[in-house]
Amino acid sequence: LVDMVCVGEGENTMIDLCNHLDKGETYSDVTNIWIKHRDGKISKNPISKPFDINETPMIDISLFEEQRLYRPMAGKWYKMMPVETIRGCPYKCTFCNSPDQITLYNKKTDSNFFRKKSIDLVYQELKHFKENYKVEYNYFWADTFLSWNNEEFDEFCEMYADIKLPFWIQTRPETLTDYKVKRLKEVGLHRISFGIEHGNQSFRKKLLKRDWNNERIIDVLQIPGQYD
């Protein structure tokens, strides 16, 4: 029942595909798609370089019902917006798709799948959704939110101080410091999800490629409670 699949990112692919279909043209040359023909043969089109996430247009959420924006968080309903800051992940966990994406794009396009969105663009999006759609809560869906360097982290905190909305992040324990939790709490951090995956240290290191010992994990996970 499947006519085609998209391999890799779909932003440019979807636009190209729709333009071809609209004009009644063949889509056999649209990058990033594999096509199954009527005789069962499959064409595997090449993958194009990663989409420039700093050229992402503002999402028109007026196309969706307002109730689509409401989600539960910590026992309450909020009008929430997913926000992109980082695409991909620098870590190599064996259970995750991100390492494969990095390998795929490196091999096929000689480019890096892992990249970070401009803080200025993130600010424009946050401001737009707060002022025009009355968003009450933001959730940042980066695989590892704190995979910024110190300068980028401070830039984010300075920017978000003007947004003044609670937010949720997910990250790894080894990215956490007292300073980062304190700063994030000051600008609106409400909830954090941590990826640990398994309590058996040897299993985690050998099979999951998560090389961090339990004692250090326990230590850093004491930090958020100090700012609750």
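Refer to the preceding data block for the structure.
What you see is a predicted model, and the numbers here were worked out from it, not measured in a lab. (Residues numbered from 1 in each chain as written. Predicted model: local features only at pLDDT ≥ 70, side-chain atom pairs only at ≥ 80, totals over all residues. Heavy atoms only, no water.)

**Q** Just to check I follow, could you spell out the nonpolar core for this structure?
**A** Within soluble globular proteins, side chains that are nonpolar generally end up buried alongside one another. Counting 34 residues, the largest nonpolar core has Phe-140, Phe-156, Tyr-160, Phe-167 and Leu-184 as the members making the most contacts within it. Broken down by secondary-structure element, the contributors of at least two residues to this core are helix H2 (98-109), helix H3 (119-133), helix H4 (150-160), strand S9 (167-171), helix H5 (178-187) and helix H7 (214-220). Counting residues per element, this core draws most heavily on H4, which supplies five residues. (Core = buried A, V, L, I, M, F, W, Y, C linked by side-chain atoms within 4.5 Å. Buried < 20%, exposed > 50% of the residue type's maximum accessible area, 1.4 Å probe, protein only. Helix = DSSP H or I, 4+ residues; strand = E, 2+ residues; numbered from the N terminus.)

**Q** What is the right way to read the sheet that holds strand S2 (residues 33-36) from this model?
**A** Where strands meet in a sheet, backbone hydrogen bonds hold them as pairs that are either parallel or antiparallel. A sheet is described by the order of its strands in space; here three strands give the open sequence S1-S2-S3, paired in antiparallel fashion. Looking along the sheet, the strands with just one partner apiece sit at the ends: strand S1 (4-6) and strand S3 (42-44). On average, each strand axis in the sheet is inclined to that of its neighbour by 10°, with strand direction left out of account. Direction of pairing for S2 relative to S3: antiparallel, over a ladder of three bridges. (Pairing = 2+ DSSP bridges. Axes fitted to C-alpha atoms, helices over the stretch in contact; angles between N-to-C directions.)

**Q** I keep staring at the environment of Val-2 and nothing clicks. Help me out?
**A** As for its placement among the helices and strands, Val-2 is situated in the segment before S1. Each C-alpha atom of the pair Val-2 and Tyr-123 lies 39 Å from the other, and the pair is 121 residues apart in sequence.

**Q** It is not clear to me how helix H6 (residues 201-208) should be interpreted in this structure. Could you clarify?
**A** Residues spaced three or four apart along an α-helix face the same direction, because each turn holds 3.6 residues. The N-cap of H6, judged by a side-chain oxygen 3.1 Å from the amide nitrogen of Ser-202 a few residues on, is Asn-200. Lys-209 sits one or two residues past H6 and shows a positive phi near 60°. (Polar contact = N/O pair within 3.5 Å; in protein donor to acceptor, adjacent residues only side chain to side chain.)

**Q** Can you help me understand the sheet that holds strand S10 (residues 189-194) in this one?
**A** The five strands lie next to each other as S4-S5-S8-S9-S10, forming an open sheet whose pairing is mixed. Both edges of this open sheet fall to strand S4 (70-73) and S10, since each of them pairs with a single strand only. Along the sheet, successive strands turn relative to each other by an average axial angle of 40°, direction set aside. As defined by bridge partners, S4 adjoins strand S5 (residues 76-83) across four bridges and the pair is classed as antiparallel. Of the residues in S5, the one forming a bridge with Tyr-70 is Lys-79. H3 rests against S5 and strand S8 (137-140) of the sheet, and its axis sits at about 145° to S5. (Contact = heavy atoms within 4.5 Å.)

**Q** What exactly am I supposed to notice about the state of the cysteines here?
**A** A covalent bond bridging the sulfur atoms of two cysteines is what the word disulfide describes. Overall, the coordinates contain zero disulfides when judged by the stated rule. Its sulfur unpaired, Cys-6 is 12 Å from the next cysteine sulfur, which belongs to Cys-18. Given the relative accessible area of 39%, Cys-6 is considered partly exposed. (Disulfide = S-S within 2.5 Å.)

**Q** Before we go on, may I ask you to explain the packing of H3 against H4 in this structure?
**A** A packed helix pair is summarised by two numbers, namely the angle formed by the two axes and the spacing between the axes. The N-to-C vectors of H3 and H4 enclose an angle of 25°; their axes lie 10 Å apart at closest approach. Judged on the interaxial angle alone, H4 and H3 are roughly parallel. Every pair of crossing elements has a handedness; the one defined by H3 and H4 is right-handed. Along the contact surface, H3 presents Ile-119, Val-122, Tyr-123 and Leu-126, while H4 presents Glu-155, Phe-156, Met-159 and Tyr-160. Among the residues forming the contact of H3 with H4, the class breakdown is seven nonpolar, no polar and one charged. (Parallel < 35°, antiparallel > 145°, perpendicular 65-115°, else oblique. Left-handed = near helix turned anticlockwise from the far one by under 90°. Nonpolar A, V, L, I, M, F, W, Y, C, P; charged D, E, K, R; others polar.)

**Q** Can you walk me through unusual backbone geometry in this structure?
**A** Glycine aside, the phi torsion of most residues is negative, and most peptide linkages are trans. Phi is positive for Ala-74, which is not a glycine, with a value near 55°. Secondary-structure assignment places Ala-74 in the loop between S4 and S5. A positive phi angle, near 60°, is found at Lys-209, a position not held by glycine. In this fold, Lys-209 is placed in the loop between H6 and H7.

**Q** Is there a simple way to explain the packing of H4 against H5 in this structure?
**A** Packing of H4 against H5 leaves a shortest axis separation of 9 Å and a crossing angle of 20°. Put simply, H4 runs roughly parallel to H5. For the pair H4 and H5, the sense of crossing is left-handed. In this structure, H4 contributes Asn-150, Phe-153, Asp-154, Phe-156, Cys-157, Glu-158 and Tyr-160 to the contact, and H5 contributes Tyr-179, Lys-180, Arg-183, Leu-184 and Val-187.

**Q** Please explain the packing of aromatic side chains as it appears in this structure.
**A** Centre-to-centre distance and the angle between the planes together describe a pair of aromatic rings. Inspection of the entire model under this criterion finds 15 aromatic pairs. Consider the rings of Tyr-139 and Trp-168, whose centres lie 6.3 Å apart with planes at 65°: the pair is edge-to-face. Note that Tyr-139 is positioned in strand S8 and Trp-168 in strand S9, a separation of 29 residues in sequence. The same class applies to Tyr-139 as to Trp-168, namely buried. (Phe/Tyr/Trp six-rings, centres within 6.5 Å; stacked < 30°, edge-to-face > 60°.)

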